[in-house]
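An overview of the molecular structure
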Amino acid sequence: MKFGGTSVADIDRIRNVARHVKREVDAGHEVAVVVSAMAGKTNELVAWCREASAMHDAREYDTIVASGEQVTAGLLAIVLQSMDVNARSWLGWQIPLKTDSAHGAARITDIDGSDIVRRFGEGQVAVVAGFQGIAPDNRIATLGRGGSDTSAVALAAALNADRCDIYTDVDGVYTTDPRIAPKARRMNKIAFEEMLEMASLGAKVLQVRSVELAMVHKVRTFVRSSFDDPDAPGMDDFDNPPGTLICDEDEIMEQEVVTGIAYSKDEAQISLRRVADRPGVAAAIFGPLADAGVNVDMIVQNISESGQSTDMTFTVPAGDLAKAVDVLEKTRNETGFDAIQSEAGLTKVSVIGIGMRSHTGVAATAFKELAQIPVNIRAITTSEIKISILIDSDFTELAVRRLHSRYGLDKV
Ligand code: ADP
Ligand code: ASP
Ligand code: MG
């Protein structure tokens, strides 16, 4: 069981979480519970790090931001104990949950679940601080924002759990973010591949890495609400709990062409005007950006009119824009561009569906709908099961809602 930030936002909510846990324990299950920090806590801790120094040590950042989960793990253990549930808290290093050395965005390398399993034998519930582990340098590491989802799925895999339930503030995965599209529909099931695209294209209901792990380790993962009454009928249905199951494609009977719309705000666009049109130029542009840790996303290269030079346009996260421009300036000798133009305040809207593999016209439908609003399209990328379109952020909500309706996803 994993509970996110809004689900543990105060002591009352932690009590409610404890009732969910107690229900499962009373039903005779062995339970590990992964908790996030209280809502807003991690943001506050991150802001303190930045305030202390813009160029802070990533290991110290991890020491600080991991503390939010330590508090909620201890609090939930106390509340469970007060309800006569045998429970104890576990920090990442105590398990140990080992990670690589990429502080701030570490990946889990190994989890030794044996101590937790031994305590299960004594009837004890494990309350685990999410988001954190221990790196090879013997220091605390965090898994990137939203990383408690990944802690939970990885722990479920390590413990060979029957199920991993991700409890959050919505009652499942929706066709799009229900916060901006009131007509979004909850799905009973979604395929791993689609959930992976949804998550990586902005639907932050699950961290991308958690979906990858669930897919690779075949963890039966449900997304469900912590705000439901813990003792309502059906809550303890073992095979079919309320919520959305993330599963293999072939477990889904009726596959729609488009299953969801995702968006990601805070994108920035960079255009290099008149870069030299010869072999090696793309490598000279994107190599240094990769070395600087800048994640380049959509790339558009124009056909050169003269055969001498061409324009190169691509997107980066808005937070990396200044760094990217700085890096690019230094490549000027090699790439020979005339000018850099950049703009922040953009959004990438994506249409996702496995059915696209076998249907034509899906992209054209999106372009027509956006034209009717009208919204100008700045860049497009596609893959087998998704189309992504870059637009001005001002149009985000409108574009998402219109595409959602256009593809027949609105609830009736
Ligand atoms: P937690 O703190 O429990 O980890 P998050 O805020 O990380 O919760 O994720 C839940 C939020 O994800 C929801 O409140 C919702 O606004 C957002 N979200 C975005 N896209 C979707 C989607 N397709 N389905 C459900 N929720 C979504
Ligand atoms: N508390 C961490 C964050 O806000 C991890 C998580 O909630 O999943 O990113
Ligand atoms: Mg989350």
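Just above, that's the structure.
For clarity, every value in this text was computed on a predicted model and none was experimentally measured.

1. Quick word on the overall build of the protein chain
- Across its full length, the protein chain holds 13 helices and 18 strands.
- Here the C-alpha radius of gyration of the protein chain, 23 Å, is about what a compact globule of 412 residues would show, namely 22 Å.
- If you line up the protein chain on its principal axes, its C-alpha atoms span 75 × 50 × 30 Å.
- Put simply, the protein chain has 412 residues, and 49% of those count as buried.
- The contacts in the protein chain between residues at least 6 apart in sequence include a share of 74% that link residues at least 24 apart.
- Here the protein chain contributes 43 positive and 59 negative side-chain charges, whose respective centroids are spaced 2 Å apart.

2. Some thoughts on the packing of aromatic side chains
- Per the stated rule, a full pass over the model turns up 2 aromatic pairs.
- An angle of 75° between the planes, with centres 5.0 Å apart, marks the rings of Phe 286 and Phe 314 as edge-to-face. With Phe 286 in helix H9 (residues 281-291) and Phe 314 in strand S15 (residues 309-317), this residue pair connects regions lying 28 residues apart in the sequence.
- The aromatic ring of Trp 90 is capped on one face by Arg 88, whose charged end is 3.6 Å from the ring centroid.

3. Some remarks on the pairing of strand S6 (residues 125-129)
- Most of S6 sits out of view: 5 of its 5 residues are buried.
- Residue alternation in S6 divides its side chains into two sets, Val 125, Val 127 and Ala 129 and Ala 126 and Val 128, and both sets are buried.
- Here 4 bridges tie strand S3 (residues 87-90) to S6, and the two strands are oriented parallel to one another. If you follow Ser 89 over to S6, its bridge partner there is Val 127.

4. Digging into the sheet that holds strand S12 (residues 244-247)
- Here we have 8 strands laid out as an open sheet, ordered S3-S6-S2-S1-S9-S11-S12-S10, and mixed in their pairing. The open sheet has two edge strands with one neighbour each: S3 and strand S10 (189-191).
- Here 3 bridges tie strand S11 (residues 221-225) to S12, and the two strands are oriented antiparallel to one another. Opposite Phe 222, over in S12, you have Leu 245 as the bridge partner.
- In the packing of helix H7 (residues 192-200) onto the sheet, contacts are made with S10 and S12, and the angle to S10 comes to roughly 85°.

5. Regarding the nonpolar core
- Residues Ile 116, Val 128, Leu 155, Met 195 and Ile 246 are the most contacted members of the largest nonpolar core, which totals 42 residues.
- Elements with a minimum of two residues in this core: strand S2 (32-35), strand S5 (108-111), helix H5 (114-121), S6, helix H6 (148-158), strand S9 (164-168), H7 and helix H8 (208-217).
- Residues Ile 14, Val 31, Ala 87 and Leu 91 belong to the second largest nonpolar core, which totals 22 residues.

6. Describing the pattern of salt bridges
- Applying the stated criterion across every chain yields a total of 28 salt bridges.
- Here Arg 23 makes a salt bridge to Glu 24, at a shortest N to O gap of 2.9 Å. Of the two residues, Arg 23 and Glu 24, neither departs from the other in class, the shared state being buried.
- The residue Lys 41 makes a salt bridge to Glu 44 at a minimum N-O spacing of 2.7 Å. A residue pair is termed a helical-turn pair when its members lie 3 or 4 positions apart in one helix, as Lys 41 and Glu 44 do in helix H2 (residues 41-52) at 3 residues.
- One network of salt bridges, with partners in common, ties together Arg 19, Asp 229 and Asp 231.

About the cut-offs
Residues numbered from 1 in each chain as written. Chains lettered and ligands numbered in written order. Predicted model: local features only at pLDDT ≥ 70, side-chain atom pairs only at ≥ 80, totals over all residues. Heavy atoms only, no water. Helix = DSSP H or I, 4+ residues; strand = E, 2+ residues; numbered from the N terminus. Rg over C-alpha atoms; globule rule 2.2 N^0.38 Å. Buried < 20%, exposed > 50% of the residue type's maximum accessible area, 1.4 Å probe, protein only. Contact = heavy atoms within 4.5 Å. Lys, Arg positive; Asp, Glu negative; His and termini not counted. Charge placed at Lys NZ, Arg CZ, Asp CG, Glu CD. Phe/Tyr/Trp six-rings, centres within 6.5 Å; stacked < 30°, edge-to-face > 60°. Lys NZ or Arg CZ within 6 Å of the ring centre and 35° of its normal. Pairing = 2+ DSSP bridges. Axes fitted to C-alpha atoms, helices over the stretch in contact; angles between N-to-C directions. Core = buried A, V, L, I, M, F, W, Y, C linked by side-chain atoms within 4.5 Å. Salt bridge = Lys/Arg side-chain N within 4 Å of Asp/Glu carboxyl O.

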